[in-house]
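Here's the letter readout for the chains.
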Amino acid sequence: MVSCGGDVNNDGDVSDVQTEEDTNTGIDAVTSATKFVCTVCNYVYDPAVGDPAQGVPPGTSFYDLPETWTCPDCGAAQSLFEVQH
């Protein structure tokens, strides 16, 4: 089943087409509100809180953190964080 979430443009192409397979994968989508956990010390980065001590305001997505941001508890790199389940 194909559902159209967009409009047909002048070329007859449909934008924003989603297939049932895309929407029924059983995998939770990562959003700007998704929390990430440090795999070294279990610190949880919560975008709703941010990290004011390192100058990261509330509402900052994990993906929008400065490249220099590290875990405030153990200093681990962002690459050592995983989506919290």
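Presented here is an overview of the structure given in this document. (Residues numbered from 1 in each chain as written. Predicted model: local features only at pLDDT ≥ 70, side-chain atom pairs only at ≥ 80, totals over all residues. Heavy atoms only, no water.)

### Concerning the state of the cysteines
Inference 1: This structure, assessed with the given rule, holds 0 disulfides.
Inference 2: The structure places no disulfide on Cys38, whose sulfur is separated from the nearest cysteine sulfur, that of Cys74, by 3.7 Å.
Inference 3: Here Cys74 stays free of any disulfide, with the sulfur of Cys41 as its closest cysteine sulfur at 3.7 Å. (Disulfide = S-S within 2.5 Å.)

### Side note on the nonpolar core
Inference 1: Core analysis: the largest hydrophobic core is formed by 11 residues, namely Phe36, Cys38, Tyr43, Tyr45, Val56, Phe62, Leu65, Trp69, Cys71, Ala76 and Phe81.
Inference 2: Sequence-distant contacts of Phe81, defined by excluding residues within four places in its chain, comprise Phe36, Val37, Cys38, Tyr43, Tyr45, Phe62, Trp69, Cys71 and Ala76. (Core = buried A, V, L, I, M, F, W, Y, C linked by side-chain atoms within 4.5 Å. Buried < 20%, exposed > 50% of the residue type's maximum accessible area, 1.4 Å probe, protein only. Contact = heavy atoms within 4.5 Å.)

### Topic: the pattern of salt bridges
Inference 1: For the coordinates displayed, the defined rule picks out 1 salt bridge.
Inference 2: Asp46 is the salt-bridge partner of Lys35, the closest N and O atoms lying 3.8 Å from each other. Of this pair, Lys35 sits in the loop between α1 (20–23) and β3 (36–38) while Asp46 sits in the loop between β4 (44–45) and β5 (81–83), and the two are 11 residues apart along the sequence.
Inference 3: The partly exposed category is assigned to Lys35, whose relative accessible area is 34%. (Salt bridge = Lys/Arg side-chain N within 4 Å of Asp/Glu carboxyl O. Helix = DSSP H or I, 4+ residues; strand = E, 2+ residues; numbered from the N terminus.)

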